[in-house]
Amino acid sequence: MPEPADRRYGPAPLPQPRGPLSTAVTDALRRAPHDLPASLGADLDPADPLTDEDLQLTLFLCYELHYRGWRGVDEDWEWQPTLLGLRARAERPFEAALRRLVGSPRVPAAGVAAGLAELVAADDGPSLAATLQRRADLAQFREFVVHRSVYHLREADPHSWALPRLGGEAKAALVEIQTDEYGNGRLDRMHAELFRRTLDRLGLDTGYGAHVDAVPAVTLATNNLMSLFGLHRRLRGAVLGHLAAFEMTSSLPNRRYGNGLRRLGFDEVATRFYDEHVEADAVHEQIAAHDMCGGLVRAEPALAPDVLFGAAAGLAVDRLFAAHLLDSWAAGRSSLRAPAPTASSAVAVAPLVPPTVSLPATAPAVA
C-alpha cells in the first residue's frame, strides 16, 4: 500500500534538539507563533560552526520553514520576525566559518568558467565514491544514502531560489538545468522520486525528512550552506557557483555509486537515480559553468568572486562530509548519530547502523 502523501512529501517530523538553542527553537515551534527572547542566540560563539550540532540543527529548523515546513507547526512561523532575527544571528558564525575555510578564491584572467574548472581540478578530497564502488558493505552504503536523503528528497529546490533573482542568459541556463532535475514535468522522472526508489530498494524509510535525526552536523551543514546561499539575494552568485561545482563533480561519482550498488546485487530500479546523473550532469556541467555562471558574470561582473566562493565552499564542506564517513568506517563505527531508539524504530538493524534508521537485518530481495 502506498504511504500517505504527507509522509512522502512533507511536512517533515520535527527532529529532536541537540543543545540549548535548538531546544528553545523546537519548544517554540510546537506552540503558536510568538516573540522569542531577544537574548536567544545573542552569545553564539561555537568553536567549530561547521560541526556544531546545536547550531547546524537550529539553522536547519529555521530553513525548513521555507521548504515543506514541519509537521504540526503553524505556517506563520516562516516569517515570524524574532525567529528570523535568531536565524540571522546563527547565520553569521556559519558564513564566517565558510569564508575562513575557503578564503577568497582568485578569479583568473580567463574568466569565471576557467576559475570553476581550476577549483574542481584542485579538489583533492578523499574518494568516498571509490570506496562505495569497490569496498563498502551494504550497511555502509545504506548509511551514505541516509545522509544524502536530506538533500535528494528535495533535490534542486535550494538552487531554485535563485530563479526569480536572475534574468537573461543566466536565468535561461538555470531553468534548463532545473527542468531536467524536476523530470521535465513528469513525476516518475523527478530526481527526488528516483532517489525515493533507491531508498525503498535499500529498505530505508522514504518519508520526507525521515532521517534528519540520524545525520550529524556536517551533513546538515552541506544542506544549510545551500539554503544560506539560496535564501539571500546578496549570495545569488554563490548559489550558482555551488550548483556549477555540484554539476561539474557529479558524473564520475554517480557512475561509481551505481556500480557499487550493482556490486552489492541491486537492480536497475535501485541504480537509476545514479545512472540518470551520469549522462545528465555531463551536459549540465557545461551549461552551468559557461552559460549560467558565465552569463551571470557577463551581466554582473562584480559577482565573479561570489560565484567562486560558492563553488569553493560547496567542495570544501563536501570534503569534510566525505572525511567524516571514511574516518568513521575506518574506525569500525557508524557515521550516523545514535540517539536513543524510539518505540517506532525498535527493529532489527544491520551492523553499524543506529536503531533510528529503521533498517532491516538483511538485504532486500532484488530482481
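This text follows the structure it describes.
Residues numbered from 1 in each chain as written. Predicted model: local features only at pLDDT ≥ 70, side-chain atom pairs only at ≥ 80, totals over all residues. Heavy atoms only, no water.

(A) Expanded view of the overall build of the protein. Of regular secondary structure, the protein possesses 15 helices and zero strands. On C-alpha atoms alone, the protein measures out to a radius of gyration of 20 Å, which is about the 21 Å that the 2.2 N^0.38 rule sets for 367 residues. Once the C-alpha set of the protein is aligned to its principal axes, its extents read approximately 55 × 50 × 40 Å. When each of the 367 residues of the protein is scored for burial, the buried share is 54%. Sequence separation of 24 or more characterises 78% of the internal contacts of the protein that already satisfy a separation of 6 or more. When the accessible surface of the protein is summed, it comes to about 14,900 Å², and 54% of that surface belongs to carbon and sulfur atoms. Measuring between centres, the 37 positive side-chain charges of the protein sit 1 Å from its 46 negative side-chain charges. (Helix = DSSP H or I, 4+ residues; strand = E, 2+ residues; numbered from the N terminus. Rg over C-alpha atoms; globule rule 2.2 N^0.38 Å. Buried < 20%, exposed > 50% of the residue type's maximum accessible area, 1.4 Å probe, protein only. Contact = heavy atoms within 4.5 Å. Areas by Shrake-Rupley, 256 points an atom, 1.4 Å probe, with all protein chains shown as cover. Lys, Arg positive; Asp, Glu negative; His and termini not counted. Charge placed at Lys NZ, Arg CZ, Asp CG, Glu CD.)

(B) Summary view of unusual backbone geometry. In this structure, the amide linkage connecting Gly-10 to the following residue, Pro-11, adopts the cis form with an omega of 5°. Phi is positive for Ala-156, which is not a glycine, with a value near 85°. With respect to the element layout, Ala-156 can be found in the loop between helix H7 (138-152) and helix H8 (157-160). Backbone geometry at Asn-184 places phi at a positive 55°, although glycine is not the residue there. Among the secondary structure elements, Asn-184 is positioned in the loop between helix H9 (168-181) and helix H10 (191-201).

(C) Region of the structure containing the packing of aromatic side chains. If you walk through the whole model with that rule in mind, you get nine aromatic pairs. With centroids separated by 6.0 Å and ring planes inclined at 75°, the aromatic side chains of Tyr-67 and Trp-161 adopt a geometry described as edge-to-face. Of this pair, Tyr-67 sits in the loop between helix H3 (53-64) and helix H4 (81-102) while Trp-161 sits in the loop between H8 and H9; the two residues are 94 residues apart in sequence, bridging distant segments of the chain. The class for Tyr-67 is buried, based on a relative accessible area of 16%. With a relative accessible area of 25%, Trp-161 lands in the partly exposed category. When the ring of Tyr-257 is compared with that of Tyr-274, the centres are 5.4 Å apart and the planes differ by 65°; the resulting orientation is edge-to-face. One end of the pair, Tyr-257, is in helix H13 (residues 251-263); the other, Tyr-274, is in helix H14 (residues 268-299), with 17 residues separating them in the sequence. We classify Tyr-257 as buried; its relative accessible area is 10%. (Phe/Tyr/Trp six-rings, centres within 6.5 Å; stacked < 30°, edge-to-face > 60°.)

Keep in mind these numbers describe shape, not what the thing actually does.
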